[in-house]
Amino acid sequence: MTEKGLLIVLSGPSGVGKGTVRSAIFSQGEQEFMYSISATTRQQREGEVDGVDYFFKTREEFERMIEQDELLEYTEYVGNYYGTPIDYVKKTLEAGNDIFLEIEVQGAMQVKERMPEGIFIFLTPPNMDELESRIVNRGTDASPVIRKRMEKAVEELNLIRYYDYAVENDTVDHAVNKVLAIIKSEHLKVSRILDSK
Ligand SMILES: Nc1nc2c(ncn2[C@@H]2O[C@H](COP(=O)(O)OP(=O)(O)O)[C@@H](O)[C@H]2O)c(=O)[nH]1
Ligand SMILES: Nc1ncnc2c1ncn2[C@@H]1O[C@H](COP(=O)(O)OP(=O)(O)O)[C@@H](O)[C@H]1O
């Protein structure tokens, strides 16, 4: 029997650096896990490729995916839908390969309900001031929105207790190395259990 792959979920509060860390992991090219490309209704940004960065959908198309139970999880975030197509996740795991999801916390909680065997990694900021300055520096939000996001971030940080690991995103390199070390150690655990059968 083929060993099933690992489901790895990277999540954490808005602005902590999930997208940055995920893109650093995948651009170094040594990872052996697959990336779960999300579906979204948000506008495609310059340089983004449909089917590589996201599957860009209309609201009607996305709502059809919800109705037809094609999503492992989904959420509405800042006015747009984001969700994980379930088919690719299932097929990848059944083929014995690992799959990596980078999603916000509400979605991660839904995955935890449906697939509790996953490895849930919560990215934390070094401190709240640094989180605020990352949100400010990203330059995508006006100041009332920033205040709202910070309030939300505090709520989101409370969800840390549902996770298996916390990784501080102090520098991107450190965070990448810690995430890769967790995945490696989870593999060693599985091999040891299988060896002892
Ligand atoms: N629940 C959920 N969140 C997602 C998914 N894909 C991306 N996200 C999250 O949606 C948020 C916004 O992503 P994006 O629009 O790319 O903006 P940016 O990361 O702020 O540049 C980020 O927190 C992502 O982690 C998904 O499939 N499901
Ligand atoms: N380790 C880090 N040190 C300093 N700035 C960071 C770090 N990680 C991410 N950032 C910056 O913080 C901002 C938010 O990162 P982003 O990846 O968009 O967060 P998220 O996907 O969690 O919302 C971006 O401007 C990014 O360049």
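Residues numbered from 1 in each chain as written. Chains lettered and ligands numbered in written order. Predicted model: local features only at pLDDT ≥ 70, side-chain atom pairs only at ≥ 80, totals over all residues. Heavy atoms only, no water.

Per an unreviewed UniProt entry, the chain is named Guanylate kinase, and its organism is Candidatus Jeotgalibaca merdavium. According to the UniProt record, the Catalytic activity (unreviewed entry) comment for the chain reads "GMP + ATP = GDP + ADP". Its UniProt record, at the heading Function (unreviewed entry), says of the chain: "Essential for recycling GMP and indirectly, cGMP." (UniProt positions renumbered as here; feature names shortened; annotations may be inferred.)

Right, let's get into the overall build of the chain. Of the regular secondary structure elements, the chain holds 7 helices and 9 strands. Relative to the compact-globule value of 16 Å for 197 residues, the chain shows a C-alpha radius of gyration of 17 Å, a close match. Considering only C-alpha atoms, the chain reaches an extent of 55 × 40 × 30 Å along its principal axes. Within the chain, buried positions represent 44% of all 197 residues. Sequence-distant contacts in the chain: of pairs separated by 6 or more residues, those separated by 24 or more amount to 65%. (Helix = DSSP H or I, 4+ residues; strand = E, 2+ residues; numbered from the N terminus. Rg over C-alpha atoms; globule rule 2.2 N^0.38 Å. Buried < 20%, exposed > 50% of the residue type's maximum accessible area, 1.4 Å probe, protein only. Contact = heavy atoms within 4.5 Å.)

The immediate surroundings of ligand 2 are formed by 14 residues, with Gly15, Lys18, Gly19, Thr20 and Asn169 found nearest. At a separation of 2.8 Å, an oxygen atom of ligand 2 approaches a polar backbone atom of Lys18. Residue Gly19 places a main-chain N or O atom 2.9 Å away from an oxygen atom belonging to ligand 2. Cavity membership is defined here by more than half of the atoms lying within 2 Å of grid points; on that basis ligand 2 lies in the largest pocket. Within the residue set of the shell around ligand 2, elements represented by two or more residues are helix H1 (18–27) and helix H5 (128–138). (Near = heavy atom within 4 Å. Polar contact = N/O pair within 3.5 Å; in protein donor to acceptor, adjacent residues only side chain to side chain. 1 Å grid on protein atoms, 1.4 Å probe; cavity = no way out; pocket = protein on both sides within 12 Å on 5 of 7 lines; lining within 4 Å. Sits in = over half its atoms within 2 Å of the grid points.)

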